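The primary structure of each chain is shown beneath.
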Amino acid sequence: MTDRPLSTKERLVRTACALFRQRGYSGVGVAEILTAAQAPKGSLYHHFPNGKSDLAIAAANWASDGILQIIAASFEPAETFHDGAMTFCHKIAKLFDNSGNWDGCPIAGALHDGPDNLEFREKLKYFYDGWIAELAHHAERLGADPDSAQAQAEHFFILFQGGWDLARARQDSNVLRKLPIPR
């Protein structure tokens with residue numbers, strides 16, 4: 001069975017996500033996204049009426065869904081929160097290794113560097129809070145009380161985000177494999 005070709009909208013979203021991850025929102029122009037996605041100019045505004053800002057939100061949403069899938073695949077079979085966290089870090093490290101690509105967080109690249117507006121900040125908070133909520137769900141499912149589960153999830157998220165940045169700076173995915181701190 002062959003994979004279906006991506007729709008123009010899907011190509012725009014995935015291309016924008018990759019470019020924003022590499023150079024941030026401000027470092028990428030609309031023409032560059034269209035060229036890389038092999039999409040006509042009118043298609044951007046057809047699918048994303050507000051142009052680049054709508055596309056950035058769609059790209060961040062697509063990337064966030066991918067992270068949520070990795071969280072689920074890491075924590076659902078885990079016997080402890082620590083085991084799930086280790087698996088998650090190893091999966092992300094493997095993504096770095098397989099891509100040979102030391103780009104930033106796909107959400108931060110699209111939204112944190114974007115225009116200083118309330119909608120972007122609220123979306124960034126929404127995505128990060130969603131990841132933390134998913135982590136907290138697994139911490140509670142694996143035996144933590146609700147307050148402790150939330151604290152564990154937030155601590156791991158903060159640790160992971162810092163680890164991601166350090167791994168990028170060193171171009172060494174083993175930084176992520178050292179997370180979380182061993183028991």
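What counts, and at which threshold
Residues numbered from 1 in each chain as written. Predicted model: local features only at pLDDT ≥ 70, side-chain atom pairs only at ≥ 80, totals over all residues. Heavy atoms only, no water. pLDDT = per-residue confidence, 0-100. Helix = DSSP H or I, 4+ residues; strand = E, 2+ residues; numbered from the N terminus. Buried < 20%, exposed > 50% of the residue type's maximum accessible area, 1.4 Å probe, protein only. Axes fitted to C-alpha atoms, helices over the stretch in contact; angles between N-to-C directions. Parallel < 35°, antiparallel > 145°, perpendicular 65-115°, else oblique. Left-handed = near helix turned anticlockwise from the far one by under 90°. Contact = heavy atoms within 4.5 Å. Nonpolar A, V, L, I, M, F, W, Y, C, P; charged D, E, K, R; others polar.

Let's shift gears to the confidence of the model for the protein. On average, the protein scores 90 in pLDDT, and the residues at 70 or more come to 97%. Within the protein, helix α6 (residues 106-112) has the poorest average pLDDT of any element, 73, and helix α2 (residues 30-37) the best, 96.

Take the environment of glycine 100 next. Note on placement: glycine 100 falls in the loop between α5 (81-99) and α6. Take glycine 100: its relative accessible area is 57%, and that puts it in the exposed class. Sequence spacing of glycine 100 and glutamine 171 is 71 residues, and the spatial spacing of their C-alpha atoms is 9.1 Å.

This part covers the packing of α5 against helix α8 (residues 146-170). Close contact between α5 and α8 brings their axes to 12 Å; oriented N to C, the two are set at 25 degrees. With respect to α8, the axis of α5 lies roughly parallel. Handedness of the α5/α8 crossing: right-handed. Contacts between α5 and α8 pair Phe81, Ala85, Phe88, Cys89, Ile92 and Phe96 from the former with Gln152, Ala153, Phe156, Phe160, Trp164, Ala167 and Arg168 from the latter. The residue makeup of the contact of α5 with α8, split by class, is 11 nonpolar, one polar and one charged.

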